Amino acid sequence: MGAWAAQNKPRGPAAHGATPKTILVLGDSLSAEYGLPRGSGWVALLQKRLAAEKIPATVQNASISGETTSGGRSRLAALLAADKPAVVILELGANDALRGLPLAMTQDNLNQMTQAAQKAGAKVLLLGMQVPPNYGSDYANHFAATFGQVARANKAALVPFLLKGVADAPNAAQLFQSDRIHPIAAAHPTLLNNVWPELKKLLK
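The rules behind these values
- One numbering rule holds for all chains: residues counted from 1, following each sequence as written.
- In keeping with the predicted nature of the model, local features appear solely for residues at pLDDT of at least 70, side-chain atom pairs appear and are counted solely at 80 or more, and the whole-chain, interface and lining totals rest on all residues.
- The basis for every side-chain value is the complete set of heavy atoms in the structure, and neither hydrogens nor water enter the calculation.
- For helices, the axis comes from a line fit to the C-alpha atoms of the stretch in contact; other axes are also lines fit to C-alpha atoms, and the angle between any two N-to-C directions lies between 0 and 180 degrees.
- Per the convention used, a helix needs a DSSP run of H or I reaching at least four residues, while a strand needs a run of E reaching at least two, with both numbered from the N terminus.
- Each angle receives one of four descriptions, namely roughly parallel if under 35 degrees, roughly antiparallel if over 145, roughly perpendicular if within 65 to 115, and oblique otherwise.
- By definition, turning the near helix anticlockwise from the far helix through less than a right angle yields a left-handed crossing, and turning it clockwise yields a right-handed one.
- Contacts are assigned to residue pairs that have any heavy atoms within 4.5 Å of one another.
- Residue polarity follows a fixed list, in which Ala, Val, Leu, Ile, Met, Phe, Trp, Tyr, Cys and Pro are nonpolar, Asp, Glu, Lys and Arg are charged, and the others, Gly among them, are polar.
- For two strands to be treated as a pair, DSSP must find no fewer than two bridges joining them.
- For Phe, Tyr and Trp, where Trp contributes only its six-membered ring, two rings pair if their centres lie within 6.5 Å, and the inter-plane angle classes them as stacked under 30 degrees, edge-to-face over 60, or tilted in between.
- Note on exposure labels: buried denotes an accessible area under 20% of the residue type's maximum, exposed denotes more than 50%, and partly exposed covers the range between, all computed with a 1.4 Å probe on protein chains only.
- Side-chain atoms within 4.5 Å link the members of a nonpolar core, which is a set of buried Ala, Val, Leu, Ile, Met, Phe, Trp, Tyr and Cys residues.
- Positive charges are assigned to Lys and Arg, negative charges to Asp and Glu, while His and the chain termini are left out of the count.
- The term salt bridge refers to a side-chain nitrogen of Lys or Arg lying within 4 Å of a carboxyl oxygen of Asp or Glu.
- Side-chain atoms alone can form a polar contact between residues adjacent in sequence; in general such a contact is a pair of N or O atoms within 3.5 Å, and within protein one must be able to donate a hydrogen while the other accepts it.
- A helix is expected to span 1.5 Å for every residue after the first.

Asker: Looking at this structure, how should I read the packing of helix H1 (residues 42-52) against helix H6 (residues 188-202)?
Answerer: Two numbers describe a pair of packed helices, the interaxial angle and the distance between the axes. Between H1 and H6, the shortest axis-to-axis distance is 9 Å and the interhelical angle comes to 55°. Classified by the angle their axes make, H1 and H6 are oblique. Crossing hand, H1 versus H6: right-handed. The residues of H6 that touch H1, namely those facing Trp42, Leu45, Leu46, Arg49 and Leu50, are His188, Pro189, Leu191, Leu192, Asn193, Val195, Trp196 and Leu199. Taken together, the residues that form the contact of H1 with H6 break down as ten nonpolar, two polar and one charged.

Now the structure itself:
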């Protein structure tokens, strides 16, 4: 589905000569601006927020539409070597669920990516996801819990649900594209607001 968003890497200016930190975002279509005008997704809005708050950090968006945790795991080592990020944001797992992949595999991939990033000197922020009720309550509960389990096991930061305030909003149907999977541009500031408090702690 979609092109690698890293081809359009926004960079923020360093503040007063400070060496900017690199934030690597490794995600799927929710971070790759699938179906959105370029520059309107939450990752692009993050770069603007950093500049507005005069935080010397630059965002490298290595998200690909359709990416799974296995795909992200296979790409991470090269990204860590190339970008040397101070923070890695992992926004993966939703496509694992859509494809019916084993939860144990998803959890193992997230654990391995988190540990690899930490070993490379980066702090990690996991962005949790949830699946619709039609997946069954048992699967849905275990899937949602996976992100917290990985975060606790590795002492990583966590946003429990990236789509909080969007997927569970009273007007949720109006906040998604026609596929009912991807939020519209107007919803992406909410995604950023969900990520920002935890990310800002990691940048101190």
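Asker: Would you explain the sheet that holds strand S1 (residues 21-27) in this entry?
Answerer: Backbone-to-backbone hydrogen bonds join strands into a sheet, with any given pair of strands oriented parallel or antiparallel. The strand order S2-S1-S3-S4-S5 describes an open sheet built from five strands, whose pairing is parallel. Every other strand in the sheet has two partners, leaving strand S2 (57-61) and strand S5 (157-159) as the edge strands with one partner each. Averaged over all adjacent pairs, the angle separating strand axes in this sheet is 20°, with direction ignored. Judged from the five bridges that link them, S1 and S2 form a sheet pairing that is parallel.

Asker: So what exactly am I meant to see when it comes to the packing of aromatic side chains here?
Answerer: The description of an aromatic ring pair rests on the distance of the ring centres and on the angle between the ring planes. Summed over all chains, the structure comprises three aromatic pairs. Ring centres 5.9 Å apart and planes at 20° place the aromatic pair Tyr135 and Tyr139 in the stacked group. Here Tyr139 falls in the partly exposed class, since its relative accessible area comes to 21%. Considering the side-chain rings of Phe143 and Phe147, the 5.4 Å spacing of their centres and the 85° angle between planes classify their relative orientation as edge-to-face.

Asker: Sorry if this is basic, but what is going on with the nonpolar core here?
Answerer: Nonpolar side chains in soluble globular proteins generally cluster together in the buried interior. Counting 58 residues, the largest nonpolar core has Ile23, Trp42, Leu46, Leu50, Ile89, Leu125 and Leu199 as its most contacted members. Among the elements that make up this core, the one with the highest residue count is H6 (six residues). When neighbours within four sequence positions are excluded, Leu46 is seen to be in contact with Val59, Ile89, Leu192, Trp196 and Leu199.

Asker: Would you mind going over the side chain of Asp28 with me for this structure?
Answerer: With respect to the element layout, Asp28 can be found in the loop between S1 and H1. At 9.5 Å, Arg99 is the nearest oppositely charged side chain to Asp28, a buried residue that forms no salt bridge. Here the side chain of Asp28 touches Leu30 through a polar contact of 3.1 Å, landing on its backbone nitrogen. What Asp28 contacts, discounting residues up to four positions off in sequence, is Ser63, Ile64, Ser65, Glu67, Glu91, Leu92, Gly93, Ala94 and Asn95.

Asker: Could you clarify how one ought to interpret helix H2 (residues 69-83) in this entry?
Answerer: Quick reminder: α-helices carry 3.6 residues per turn. Residues three or four places apart thus point the same way. Compared with the 21 Å implied by 1.5 Å per residue over 15 residues, the 20 Å span of H2 between its first and last C-alpha is a close match. Taken together, the buried positions of H2 are Thr69, Gly71, Gly72, Arg75, Leu76, Leu79, Leu80 and Asp83. Buried residues along H2 sit in contact with S1, S2, strand S3 (87-91), helix H3 (94-98) and helix H4 (103-119). Lys84 occupies a position one or two residues after H2 and carries a positive phi of about 45°.

Asker: Explain the pattern of salt bridges to me, please; I cannot follow it from the model alone.
Answerer: Should the charged atoms of two oppositely charged side chains come close, the side chains can pair. Scanning all chains against the criterion turns up five salt bridges. Taking the shortest distance from any N to any O, the salt bridge between Arg38 and Glu33 comes out at 3.0 Å. Residue class for Glu33 comes out buried when judged on its relative accessible area of 10%. A salt bridge links Arg75 to Glu67, with the shortest nitrogen-to-oxygen separation between them at 2.7 Å. With respect to burial, Arg75 and Glu67 carry one shared label: buried.

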